Each structure stands twice: as structure tokens, then as C-alpha cells.
Amino acid sequence: MGSLQTPTNLSNKSCLCVSGRVVKGLRVERQVGLGFSWLLKGRRNRKVQSLCVRSTVSDGSSIAENKNVSEGLLLGAERDGSGSVVGFRLIPHSVAGDATMVESHDIVANDRDDLSEDAEEMEETPIKLTFNIIFVTAEAAPYSKTGGLGDVCGSLPMALAARGHRVMVVSPRYLNGGPSDEKYANAVDLDVRATVHCFGDAQEVAFYHEYRAGVDWVFVDHSSYRRPGTPYGDIYGAFGDNQFRFTLLSHAACEAPLVLPLGGFTYGEKCLFLANDWHASLVPLLLAAKYRPYGVYKDARSVVAIHNIAHQGVEPAATYNNLGLPPQWYGALEWIFPTWARTHALDTGETVNVLKGAIAVADRILTVSQGYSWEITTPEGGYGLHELLSSRQSVLNGITNGIDVNDWNPSTDEHIASHYSINDLSRKAQCKTDLQKELGLPIRPDCPLIGFIGRLDYQKGVDIILSAIPELMQNDVQFVMLGSGEKQYEDWMRHTQNLFKDKFRAWVGFNVPVSHRITAGCDILLMPSRFEPCGLNQLYAMRYGTIPVVHSTGGLRDTVKNFNPYAQEGKGEGTGWTFSPLTSEKLVDTLKLAIGTYTEHKSSWEGLMKRGMGRDYSWEYAAIQYEQVFTWAFIDPPYVR
């Protein structure tokens, strides 16, 4: 825990001021002013109880004063070698020392609408809790990445570490015999082995470690992570033993804070585990079922982060015995498919669902945007878990992802030839010309250039683009698509390029430098996703002054503000266009509106570009909101069955 930074302008005998009241007779060296108002402001639905601060006076006796402040935060004294109090720090009462006592336990609210406000308030206040945070994830960039999960778990830990937290990321050490193995070159074997009991046997895992950017990157080593392919499969499909591989990860992650002497000492039991998606969802269950009954991790907390609820880790019911959980916990994971979803008449539909179990027992639940946190409580967006999520709505929040503002910066981007900024947009036009040259399109500075970057599958709405292209190509536009995925869409892209040689370009596959050049060179980025938990490409686009046109769903609806040219006395507002319903007709109509604005209203277009580029996309802003959720997690006692 980090101590409060306080002025050193008091004599030895002074007083402690808490919420406007005075506790006299304390021997202190520094004045401490505690602003608890950020916990109270805007809390419409919370029960606010009292904080009882007990402090030792100079004669060794103790005094107590009840304060009408939000409970759950403790005031702990820091002493010098003589025993004198020299400072104070706030700690959750799971780690309370002998100088502080809290008498109450629950602040109850639906806090979803207050996170942004709290983030601003927490940024202004000098009071800040620090945590031991354990990220558990199947992927973390730059070591492993297939999508947004890798980006989040590669960037958010560093943002939290920069704010004073002790952060460990636990993920597998994937080795496939190729150049990507070099990403682990700086990770050293800690020479610590842990024995994990699951799948009817004792499995031994090793731990590798790299300390980088203030974060302990810990890689679990086991033979099941050493094979060609992605973290989840190869050219033949998903690996058949993924349940085993990620069960192993969860068990190893629970052991890591107890056994790894990082920086000279372990993280210990007073941790906050952030379990990402189904791959790590066994962690909250292990804490509750395996450790706490024996007094271990009794003061730890768990948060499950849902990046894509469509993937839940569902396996046959018979596999429950492989997970290393006590038999009586089966009901927490039990999942029965409805009759219509069963494969045959004798199929009982009985399965185990690890994400469902994590949602049931985790201390808090997070998604990667506010819109998505609501969508997953609906029958359309919850993929069968909407009722359970609705029942836990009081601990469910959404926090929009940040982006790496150093990697995605048009003024320094190493992948683009011409750099520009919000204060000088002139060289963005050169990026467009460079892109047209690279793609072999006619160099036409005034022709709207539309881009798409993403997986070629049903979720991303590629079929909607397919049906809209014939009409769209009747307009004076150019279109480029970058992505890979379903073969039918890859073949369609190649065919369309042959039909519209001067207007359409297909880049089948994925190339990071090209994605940067498309983002910088296009005028419009199209994202017609059916659902999008957060989405990153629209954030990249706005950062580069490229205007997003998106389906109004999830994080896309949260992050793209619809253009209104008449707002603010005709100066306009908004950063792009959203459309709904998801039809080819609506997509074309919205693109035509954007194209018309680009060609006929240059000043309005420049306003759109600058408003998008001026937004705060950093992970630090998101990290402040994560801190608020972590604080809430420690207010209530942990889950105990």
C-alpha cells in the first residue's frame, strides 16, 4: 500500500481531521486532510454508514470517533522507529492494521453511470488506494495476441502500474517453433515449480518472468502450450484440450502470488484477481471453493472481465471432475441447453459453463464498454446468461477500453510516411495519396476513400457490406478492405476487386503497418458490426482524423457521437455517424450522408476530424475507472458459500 503524500508543516503535537471533525492528542509529524467526498458524491442508491477511527494517543490509550463517511476505507497509521505516527494511508479493511477499525460493510448501488464522474474526482483527490493486482489472461500483447483481449491485457497493466499499483500478468508461455518465440527471449526461468491437481493427475508447471514497464509479466510453462498455431487452435480448428490448457492456467495463476518471490517478496494473499474472459474464469471459483475454506485468500477479491460473452467455455458435464473443484460446487457451473439447442433426442443438454460460474461468485463484473454491460443483460445479447447477469446488475459495470496512444499517434507513427496532428492536418492528404499509390488506385485527393479493417465473419457485418457494395459502387468513391476470415468472404473480396478495378481494393490477410496506413489515409472507416463489446478500430480512426461510420451497438454506440451540424450555434458536434437497424439500405444511406458532408461541407468535416482527434483515448483514463471498481470490490466481504 502506498502512503498519502502530505505536507510537512506541523509541529509534533497536532490533530487529525477526518470529515471535518477533530481527534485531539495525536502525536504526528505531518498534517493529513482526508477528502472522502468522492465516495459520497453522486451516490444516489448507496447505503452510507460510519467509519470508526481508533488511534493511539501519546500516553498509549485509545480513542474513537464515528465519522459519517462512506465505510469500507480504513485509515492506517505509519510510524517511525520510535513508534511516533509520521503519516497515514488508506487501506481496505481486509488489510487493516492495529490502528484502524471499520464497523460497517456494504455500499450497495448500481454504479454504472457514476464511473466517469468518479474517474474525474479520483484524479483530483490526493487519496488513492493501491492494490496488488493479478491479471489472468489467455493472451497479452506483445507476447501473444489474436484480438482486443491481447491489447487490453498488454496495455492496462502498465497504466495501472504507472499509477502506483503492484501488477502481475499471468498468461501461458506459447512456443510454436517460429519467430514469435523470440518475444519471450527476455523472460527468465524463476526455477519455481508448482504442482497443480486437475484432470485426474498432478501437473507440474514452471514460471518464467520478465519485469517490464513496471509490470511483472509471468508466463506459465507447460508442454500443452508448446505447439504450432494460435493460442486457441491451428489450421484444423480449435485445440481439443483447451479446457485442460486454461484450467491449468487458472490453477497456476492462483499459486503464483503465493510462491513467486518477485522483486524479493511475494505478492501474498491480499490480492485482487482480474480474470479475463472464460479462459481465466475458473479463478474466482478456485478462490471461493479451494482456498478460502482453508483460510487462504480470505482477504483477496476477484473481478471477472467479459470481453466477448459469446465464448463461455462450455464443455460436457462429465468434464466437471477434471476442473479440480469440490463435488458440491457442481451447481455453480451447471448449464443446461434448451431442448431446441440439443444435438439429438437423447441429449440431456447438461454441460458445465465456467464463465457462468465466475459471474455467479466474482466480487465484481466488468465489460469493456457501458453499452455492452447493458446489452449482455438482454436476451439478444446475453447468450443465455442474461438472467444471471441481470440478477447481479448491482456489481456490473462497463469501462471503455483505451488505446496505446504512443503506438497510434499520427504525429510519430513509424508506419506512415507523412506525419500530422490536430494542429496541422495538411499532411493527412499526403497519407491518402501514399495509400492510393500503394493500392494501385487512381490518385484522386477529392474522392472519398472508405476503409474497412477487421475479421471477415458474420459478427463484423461483412455480409452487409457485400450486399451494399453494388449500390455503393455507383457513387464516386473508393473502397479498401483489409482482413481475413471465412473463405467465402475472402473470395468475394477478390472477385469484387476484379469487377471494380478503379474503385475497390482487397487486402486478404492482416498486416499491422498496412492497417496503420489505411487508418491514416482513409477519409471514412466503416464498422457495421452486429455486436461489438468495445471495438478499437473506431478509436484508432478518430485518433487519426478518420471519420467512423458504425452500427449503433455496444462500444461503437458509446464511443462514436452522432454528427449534428446545427448544435452549438451552428458549429456542430459529434465525431461520426451511427446507424440502425443493421441493413444494407441503412448502411448505404448513412455513407451517402457522410460522403455528402465530405464533398460539400469541408468546414464541418474538419470539425468532425478535430473533435475526434481531441478526445482522451489513453489507458490512464480507463485505469482510473478500474481503480474505482477495485475499491468497490474491497468494500464488501468476499464471496463465501
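Model, not experiment: these values are computed from the prediction.

Definitions and limits used
Residues numbered from 1 in each chain as written. Predicted model: local features only at pLDDT ≥ 70, side-chain atom pairs only at ≥ 80, totals over all residues. Heavy atoms only, no water. Helix = DSSP H or I, 4+ residues; strand = E, 2+ residues; numbered from the N terminus. Contact = heavy atoms within 4.5 Å. Areas by Shrake-Rupley, 256 points an atom, 1.4 Å probe, with all protein chains shown as cover. Pairing = 2+ DSSP bridges. Axes fitted to C-alpha atoms, helices over the stretch in contact; angles between N-to-C directions. Buried < 20%, exposed > 50% of the residue type's maximum accessible area, 1.4 Å probe, protein only. Expected span 1.5 Å × (residues − 1). Parallel < 35°, antiparallel > 145°, perpendicular 65-115°, else oblique. Left-handed = near helix turned anticlockwise from the far one by under 90°. Nonpolar A, V, L, I, M, F, W, Y, C, P; charged D, E, K, R; others polar. Right-handed = clockwise from strand over helix to strand, strands pointing away. pLDDT = per-residue confidence, 0-100. Salt bridge = Lys/Arg side-chain N within 4 Å of Asp/Glu carboxyl O.

**Some words on the overall build of the protein**
Part 1 of the reasoning: Tallying secondary structure elements over the protein gives 19 helices and 27 strands in all.
Part 2 of the reasoning: Restricting to contacts in the protein with at least 6 residues of sequence separation, those with at least 24 account for 70%.
Part 3 of the reasoning: Approximately 26100 Å² of the protein is accessible, and the part contributed by carbon and sulfur atoms is 50%.

**Looking at the sheet that holds strand S9 (residues 166-172)**
Part 1 of the reasoning: Read across the sheet, nine strands follow the order S10-S11-S12-S9-S8-S15-S16-S20-S21 without closing on themselves; strand pairing throughout is mixed. Edge positions in the sheet fall to strand S10 (188-198) and strand S21 (396-398), since each of these pairs with one other strand and no more. For this sheet, the mean angle separating the axes of adjacent strands, direction not counted, is 25°.
Part 2 of the reasoning: Both strand S15 (residues 272-276) and strand S16 (residues 301-306) contribute to a ladder of five bridges, which runs parallel. Bridging across to S16, Phe273 finds its partner in Ser302.
Part 3 of the reasoning: Across the sheet, helix H4 (residues 242-259) lies against strand S8 (132-136), S9, S10, strand S11 (201-212), strand S12 (215-221) and S15, angled at about 120° from S10, the strand it touches most.

**Looking at the sheet that holds strand S19 (residues 350-353)**
Part 1 of the reasoning: Pairing is antiparallel in the open sheet, where three strands are placed in the order S17-S19-S18. Two strands lie at the open edges of the sheet, namely strand S17 (314-316) and strand S18 (334-336), each paired on one side alone. Neighbour-to-neighbour, the strand axes of this sheet turn through a mean angle of 45°, independent of strand direction.
Part 2 of the reasoning: Pairing between S18 and S19: three bridges, direction antiparallel. Within S19, the position partnered with Ile336 by the bridge is Glu350.
Part 3 of the reasoning: Docked against the sheet, helix H7 (residues 354-361) engages S18 and S19, running at close to 55° with respect to S19.

**Details of the side chain of His516**
Part 1 of the reasoning: By the secondary structure assignment, His516 is in helix H13 (residues 512-521).
Part 2 of the reasoning: Owing to a relative accessible area of 0%, His516 belongs among the buried residues under this scheme.
Part 3 of the reasoning: Excluding residues within four positions of it along the chain, His516 makes contact with Asp407, Trp408, Asp413, His415, Ile416 and Tyr544.

**Quick notes on helix H19 (residues 619-635)**
Part 1 of the reasoning: With 17 residues, H19 ought to run about 24 Å at 1.5 Å a step, and its terminal C-alpha atoms sit 25 Å apart, in line with that.
Part 2 of the reasoning: Most of H19 sits out of view: 15 of its 17 residues are buried.

**Some words on the packing of helix H10 (residues 428-439) against H13**
Part 1 of the reasoning: The interhelical angle for the contact between H10 and H13, taken along N-to-C directions, is 130°, at an axis separation of 8 Å. Judged by the angle between their axes, H10 and H13 are oblique. In this structure, H10 crosses over H13, and the sense of that crossing is left-handed. Contacts from Lys428, Cys431, Lys432, Leu435 and Glu438 in H10 reach Val514, Arg517, Ile518, Thr519, Ala520 and Gly521 in H13.
Part 2 of the reasoning: The class makeup of the residues in the contact of H10 with H13 is five nonpolar, two polar and four charged.

**Some points on helix H17 (residues 584-600)**
Part 1 of the reasoning: Taking 1.5 Å of rise per residue, 17 residues should cover 24 Å, and H17 covers 24 Å from first to last C-alpha, within 8% of that figure.
Part 2 of the reasoning: Among the residues of H17, Ser584, Leu587, Val588, Thr590, Leu591, Ala594, Ile595, Gly596, Thr597 and Tyr598 are the ones counted as buried.

**Comments concerning the pairing of strand S22 (residues 449-453)**
Part 1 of the reasoning: Counted residue by residue, S22 has five buried out of five residues, so it is predominantly covered.
Part 2 of the reasoning: Note that S22 and strand S23 (residues 478-483) share five bridges and pair parallel. Directly across from Ile450, in S23, lies its bridge partner Phe479.
Part 3 of the reasoning: As a crossover connection, the stretch from S22 through helix H11 (residues 462-472) into S23 is right-handed.
Part 4 of the reasoning: When S22 meets strand S25 (residues 524-527), the two strands line up parallel, connected through two bridges. From the neighbouring strand, Ile450 faces S25, where its bridge partner is Ile524.

**As for the confidence of the model for the protein**
Part 1 of the reasoning: Mean pLDDT for the protein: 84, with 80% of residues reaching 70 or above.
Part 2 of the reasoning: Segment residues 1-110: pLDDT under 50, and 251 contacts once partners within four positions in sequence are set aside and those in other chains are kept.

**Topic: the pattern of salt bridges**
Part 1 of the reasoning: Inspection of the entire model under this criterion finds 19 salt bridges.
Part 2 of the reasoning: Taking the shortest distance from any N to any O, the salt bridge between Arg173 and Asp221 comes out at 3.1 Å. Taken together, the residues Arg173 in the loop between S9 and S10 and Asp221 in strand S12 connect sequence positions 48 residues apart. Each member of the pair, Arg173 as well as Asp221, carries the same accessibility label: buried.
Part 3 of the reasoning: Across the pair Lys610 and Glu606 runs a salt bridge whose closest N-O atoms are separated by 3.2 Å. Taken together, the residues Lys610 and Glu606, both in helix H18 (residues 602-613) and four residues apart, mark about one turn of the helix.

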